[in-house]
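# Report on the structure
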Amino acid sequence: MRYVNVVAIAILSLSTAAYADQSAVQFEVVLSRDGNVVSSPTVMAEYGKSVALDTGSLRFEGSATAPDQEGNSFTAVKLHLLENGEMRSLE
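A short tour of the structure in this document, coming up. (Residues numbered from 1 in each chain as written. Predicted model: local features only at pLDDT ≥ 70, side-chain atom pairs only at ≥ 80, totals over all residues. Heavy atoms only, no water.)

## Things to note about the sheet that holds strand β7 (residues 75–83)
Which entries qualify depends on this criterion: Any two strands with at least two DSSP bridges between them are considered paired. Each helix is a run of H or I in the DSSP string that is no shorter than four residues. Each strand is a run of E no shorter than two, and both are numbered from the N terminus. Only the stretch in contact is used when a helix axis is fitted, and all axes are lines through C-alpha atoms; the angle between N-to-C directions ranges over 0 to 180 degrees.
Across the sheet, which stays open at both edges, the four strands sit in the order β5-β6-β7-β8 with antiparallel pairing between neighbours. In the strand order of this sheet, the two ends are held by β5 (51–54) and β8 (86–89), each with one partner. Ignoring strand direction, the axes of neighbouring strands in this sheet form an average angle of 15°. Note that β7 and β8 share four bridges and pair antiparallel. Within β8, the position partnered with glutamate 83 by the bridge is glutamate 86.

## Observations regarding the environment of serine 50
The cut-off we apply is this: Each residue is placed in one exposure class: buried if its accessible area under a 1.4 Å probe, protein chains only, is under 20% of its type's maximum, exposed if it is over 50%, and partly exposed if it falls in between. Here a residue-residue contact requires only that any non-hydrogen atoms of the pair lie within 4.5 Å.
Positionally, serine 50 belongs in the loop between β4 (42–46) and β5. Residue serine 50 is classed as exposed on the basis of its relative accessible area of 66%. Along the primary structure serine 50 and serine 63 are separated by 13 residues, whereas in three dimensions their C-alpha atoms are 4.6 Å apart. Ignoring sequence-local partners within four residues, the contact set of serine 50 consists of Gly62 and Ser63.

Here it is, written out as structure tokens:
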């Protein structure tokens, strides 16, 4: 089995082009295998709403709450990876 590394990063974006005058969260997912980046999709969503991305080999679902007064935000992410023809959860 090859070493697989998946990183999901939530980046807080304010007043982006996609969500002018609204707060949004941007998720950057980096999939690497054997030290090489295989895929690095990015998806954006409004705070409080779920967003999904399916590349065929990677399924990502994420959501984030709007930051509180201290800048804290709760982020939830689910990742699934296609292995041996089957989608498997990366928990």
